[in-house]
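This is what each chain is made of:
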Amino acid sequence: MFEVKDLGKKFVTSSETKWVLRHVGFSLPSKGLFAIKGTSGSGKSTLLNLLSGSLKPDEGEILLDGRKLHRFSEKELEDYRCFSCGFIYQHFNLFEELSVFENVAMPLSLQGKSKKEITNNVDKYLSLFQIEKLKGKKASFLSGGEKQRVAIARAVISNPKIIFADEPTGALDFHNEKIIMDSLKEISKSCLVILVSHNQRLIDTYADHVFLLENGQINCGNVPYIIEGMNEAKPPKRKSSKNWLKALLFQNYKREGVKNVLSIVSSFIGFSALLLSFGFLIGSQNTIKSEKRRNLQYLSASVSIQESKKIEGSPLSLTQQGRPDYYDAYNLVKDIGGVTIQTDYSYFFPIYGPYSLNGLLQKEVSFYPVFDITLRERKDIFKIEGRLPKSNDLDSVIVNKQFADQFEESPIGKTIFFDRDFEVSYNQVRDYVSLPYRFYISAVVEEFSFLNTPKVYYSYSGLDQLMKSTILEKISSAKGKEVSVYDLCEICQGNSPYSSYAYWAFAHNEDSGDKLKNLSLELENSKNKYSVSSAAYAVETSYQSLTSAFLTSILPFLAIEIAGVAFIISFLAYSSFLSNKKQAAILFAMGARNGDTKALYQMPSLINSLIAAILSIALIPIFNKYGSLLISHLVGIERMITIPLGSVYGIPFFVFLVIPLFAAIIALIGAGLPLLKARKSSLVEELKDE
Ligand code: ADP
Ligand code: MG
């Protein structure tokens, strides 16, 4: 079976390099009970580990039926241990939390045998070692003698070619010793049993031959080497049934209860933070899309022209803002459609100024024209209190909520008054305009609150009519025809104050409003001399840059949060691996696939992470509702957290896919990294019998 040639094994510790075995040579046949005797620390267990392929030699070679063991691949070694070896240890090394049945079934289970085959075989071996009655008992509840009978049943159930028995009776009484040794002797008639013992009585009674291990060398006594014929037979292929994995996984998961809860909670916090941030990203984008429309200024913009004039003899130039030529302004918006260019009367109706409310003088407030103050199609966008005025009614105005909030009681029904007197001149003719403005507040409208200030909205058409009907007497008589304020504004130059330096562009509907805004951006980006501007656009832009600045600034925190989750997962996975190290070592010795063993210790992290992901996904409705509620309570903007349940970026059920996927990746990496460190030699150490 074995031919060992010039075998050497050294252990390198920080202080020294020690050759435990050196120039060891012997052979073993495929049947019989062979004892290895030696004092404690003489290298007996090391030799067994070399023969089972659990350790690699540093010198020489071991031929297994003529094949060099150290040339075996990882997988071949696993198969060799799984199909050809059985192990019995002084301290049993059972899976303490599994039942007797599950322990004995393990080698067959690792081979991927069918359930039926396993059950039949286990029952047979349980009765062979007279432990049928213990079948359902947990291994940890057994006595030493019972445990070793379970261990020997486990070692022989798969009909291995070699049984490695490392001081199998060291922890047993005489009675149990006899049972175990008699069994081993019986087994050795059909396979090779390698017994490590320092009990001379046992050796004399049972061993066919004894090898004495002394000073790292084998003393062969007078028995000749037994050379076997070559045998290239490969072990059968393993089937992929993983029943053993499930049983161990369940037990491990149950045992690590507190760690699992910690892991779930910390991952849940991490994923929730991620979801909330994502919800904020989507929510704030959606908010700007819908909220920007909740602004009465959104459909109006002012069209002006900037002209630079060189100053002679100076590197500086002057920039002057003016009203463009009407046709230039008209051509600018012509392609949009649904936009009209109108005269700006801001000189005669100041956009900012003091007023009195029901006779009491008030601070300055902004006045803005609305082309269609009835808000026809847009009505549903705003929360409106009171009644909307008619489109050309200049007696009624709308105020916004910021205006209303200045006062303790509703301003609806109250009267705004201010009065303006102007001296105007045209072709050297002076004239006077007296305009008393008296408005009845008929409605309060709730606009997008971000950066909004108190505003009064009046009907542009109403003002237009007023201007057309306000005749300038002196100028009219000098010109010989009726000249109104409207005419004065119309014919004035672009840089005359009467022009108020701009035209109004009024969009008739949302679609043209959006296009007007895009035009505004285009002109600004191309540094065009014409500009289309509106306070509403400015609010939108600053809101956008504020939220994107906020989102960018939370990214590092989010990254730290996720790293923290990964670290906690790593830590918990590694600590459960440490507490399960013996289990891993037994699995290693029994030839479990390395990948499967790793999966066994990664799986709990994966399960925890997925539970956390599902929990945080389940709470999305609550995040959306209460997260948004909190923000709207703090800053007055609604639906700021909108974690979408549908498709995002064209990916259907985005969060249902991405969050679990992310959770799985984090868990597999987090739990996988520390497992890379789990070395095989340290696993072998785990099975040492002290
Ligand atoms: P035995 O089974 O005969 O009591 P072992 O084979 O377990 O002895 O160990 C032989 C010697 O090798 C001991 O001195 C032990 O300290 C040393 N040894 C075994 N494994 C390691 C290891 N992984 N690292 C360092 N020294 C080791
Ligand atoms: Mg030992």
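Cut-offs used in this document
- Residues numbered from 1 in each chain as written.
- Chains lettered and ligands numbered in written order.
- Predicted model: local features only at pLDDT ≥ 70, side-chain atom pairs only at ≥ 80, totals over all residues.
- Heavy atoms only, no water.
- Helix = DSSP H or I, 4+ residues; strand = E, 2+ residues; numbered from the N terminus.
- Rg over C-alpha atoms; globule rule 2.2 N^0.38 Å.
- Buried < 20%, exposed > 50% of the residue type's maximum accessible area, 1.4 Å probe, protein only.
- Contact = heavy atoms within 4.5 Å.
- Areas by Shrake-Rupley, 256 points an atom, 1.4 Å probe, with all protein chains shown as cover.
- Lys, Arg positive; Asp, Glu negative; His and termini not counted.
- Charge placed at Lys NZ, Arg CZ, Asp CG, Glu CD.
- Pairing = 2+ DSSP bridges.
- Near = heavy atom within 4 Å.
- Polar contact = N/O pair within 3.5 Å; in protein donor to acceptor, adjacent residues only side chain to side chain.
- Phe/Tyr/Trp six-rings, centres within 6.5 Å; stacked < 30°, edge-to-face > 60°.
- Core = buried A, V, L, I, M, F, W, Y, C linked by side-chain atoms within 4.5 Å.
- Domains from an automatic or database assignment.
- Disulfide = S-S within 2.5 Å.
- Axes fitted to C-alpha atoms, helices over the stretch in contact; angles between N-to-C directions.
- Salt bridge = Lys/Arg side-chain N within 4 Å of Asp/Glu carboxyl O.
- Left-handed = near helix turned anticlockwise from the far one by under 90°.
- Nonpolar A, V, L, I, M, F, W, Y, C, P; charged D, E, K, R; others polar.

(A) Broad picture of the overall build of the protein chain. Counting its secondary structure elements, the protein chain contains 21 helices and 22 strands. Taking 2.2 N^0.38 as the reference for a compact globule, 690 residues should give roughly 26 Å; the C-alpha atoms of the protein chain span a radius of gyration of 45 Å, well beyond that estimate. Taken along the three principal axes of its C-alpha coordinates, the protein chain extends 145 × 60 × 40 Å. Every one of the 690 residues in the protein chain was classed for burial, and the buried ones make up 51%. Taking as baseline every contact in the protein chain between residues at least 6 positions apart, the subset at least 24 positions apart corresponds to 76%. For the protein chain, the accessible surface area stands at approximately 33300 Å², while carbon and sulfur atoms represent 56% of it. Of the charged side chains in the protein chain, 78 are positive and 71 negative, and the gap between their average positions amounts to 8 Å.

(B) Up close: the sheet that holds strand β5 (residues 67-68). Spatial strand order, β2-β1-β4-β5: four strands in an open sheet with antiparallel pairing. Strands at the two margins of the open sheet, each flanked by one partner only, are β2 (17-28) and β5. Sheet topology note: the strand β1 (residues 2-12)/strand β4 (residues 59-64) ladder contains five bridges and is antiparallel. Its bridge partner being in β4, Gly8 is matched across the sheet by Glu59.

(C) Highlighting the site of ligand 1. Around ligand 1, the surrounding shell holds 14 residues, and the nearest of these are Lys18, Gly41, Lys44, Ser45 and Thr46. Measuring from an oxygen atom of ligand 1, one finds a backbone N or O atom of Lys44 at 2.9 Å. For ligand 1, an oxygen atom lies 2.5 Å from a polar atom in the side chain of Thr46. The fraction of the free accessible surface of ligand 1 (560 Å²) that becomes covered by protein chains is 74%.

(D) Seen up close, the packing of aromatic side chains. Across all of its chains, the model carries 42 aromatic pairs by this definition. Between Phe34 and Phe211 the ring centres are 6.4 Å apart and the planes differ by 35°, which places this aromatic pair in the tilted class. Here the residue Phe34 occupies a position in strand β3 (residues 32-38), and Phe211 occupies one in strand β9 (residues 209-214), the gap between them amounting to 177 residues. You can call Phe34 buried: its relative accessible area is 6%.

(E) Spotlight on the environment of Leu360. For Leu360, the location among the structural elements is in strand β15 (residues 360-370). Its relative accessible area of 58% is what places Leu360 among the exposed residues. In the structure, Leu360 is positioned 55 residues away from Thr415 in sequence and 10.0 Å away in space, judged by C-alpha atoms.

(F) Here's a closer look at the nonpolar core. Ranked by internal contacts, the top residues of the largest apolar core, which has 59 residues, are Phe2, Tyr80, Ile162, Phe164 and Ile194. Element by element, the count of residues in this core is highest for helix α17 (residues 581-589), at six residues. Taken domain by domain, this core gets at least three of its residues from each of domain 1 (2-240) and domain 2 (255-293 + 543-687). Formed by 49 residues, the second largest nonpolar core is a distinct cluster that contains Ile373, Ile441, Tyr460 and Leu488.

(G) Inspection of the state of the cysteines at higher detail. Tallied over the full model, the rule gives zero disulfides. Left without a disulfide partner, Cys85 is nearest to the cysteine sulfur of Cys82, which lies 9.6 Å away. Not engaged in a disulfide, the cysteine Cys489 finds its nearest cysteine sulfur in Cys492; these two sulfurs lie 5.9 Å apart.

(H) Examining the sheet that holds strand β7 (residues 162-166) more closely. Pairing in this open sheet of six strands is mixed, and the strands run β6-β7-β8-β3-β9-β10 from one edge to the other. In this open sheet, the two strands that pair with only one neighbour each are β6 (85-89) and β10 (217-219). Direction aside, neighbouring strands of the sheet carry axes that sit 20° apart on average. The pairing of β9 with β10 spans three bridges and is classified as antiparallel. Within β10, the residue paired with Leu213 across the bridge is Ile218.

(I) Spotlight on the pattern of salt bridges. The tally for this structure, following the rule as stated, stands at 25 salt bridges. For the salt bridge of Glu76 with Arg67, the shortest nitrogen-to-oxygen distance reads 3.4 Å. A relative accessible area of 18% places Arg67 in the buried class. Among the ionic pairs, Arg430 bridges to Glu423, the shortest N-O distance being 3.0 Å. Owing to a relative accessible area of 38%, Glu423 belongs among the partly exposed residues under this scheme. Through salt bridges with shared partners, a single network forms among Glu97, Arg255, Glu256 and Lys259.

(J) Up close: helix α3 (residues 100-111). In terms of burial, α3 is largely enclosed, as 11 of its 12 residues are buried. Along α3, the residues classified as buried are Val100, Phe101, Asn103, Val104, Ala105, Met106, Pro107, Leu108, Ser109, Leu110 and Gln111. Tucked into the core, α3 has its buried residues touching α2 (74-84), α4 (115-128), α5 (144-156) and α8 (243-255). Within two residues after α3, Gly112 carries a phi angle of roughly 80°, on the positive side.

(K) Structural context of the packing of helix α9 (residues 257-291) against helix α20 (residues 654-676). At a closest axis distance of 11 Å, the pairing of α9 and α20 adopts a crossing angle of 145°. Taken as a pair, α9 and α20 cross one another with a handedness that is right-handed. Facing α9, whose interface residues are Phe271, Leu274, Leu275 and Phe278, α20 presents Phe654, Val655, Ile659, Phe662 and Ala663. Considering only residue class, the contact of α9 with α20 consists of nine nonpolar, no polar and no charged.

(L) Representation of unusual backbone geometry in the model. One non-glycine residue, Asp65, lies in positive phi territory at about 45°. With respect to the helices and strands, Asp65 occurs in the loop between β4 and β5. The phi angle at Asn159 is positive, at roughly 55°, despite the residue not being glycine. Looking at where Asn159 falls in the secondary structure, it is placed in the loop between α5 and β7. Under the relative-accessibility criterion, Asn159 is labelled exposed at 58%.

(M) Examining the domain arrangement of the protein chain more closely. Examined at the domain level, the protein chain breaks down into domain 1 (2-240), domain 2 (255-293 + 543-687) and domain 3 (345-500). Using C-alpha coordinates to define each centre, domain 2 is positioned 57 Å away from domain 3. Taken together, the nine residues of domain 2 in the interface contact six residues of domain 3. Counting every contact that joins domain 2 to domain 3 gives zero salt bridges. The tally of links between domain 2 and domain 3 comes to zero residue pairs in polar contact (both at pLDDT 80 or more). Only α9 and α16 (535-579) provide two or more residues apiece to the side of domain 2 that touches domain 3. Per-class residue counts for the side of domain 2 that touches domain 3 are five nonpolar, one polar and three charged.

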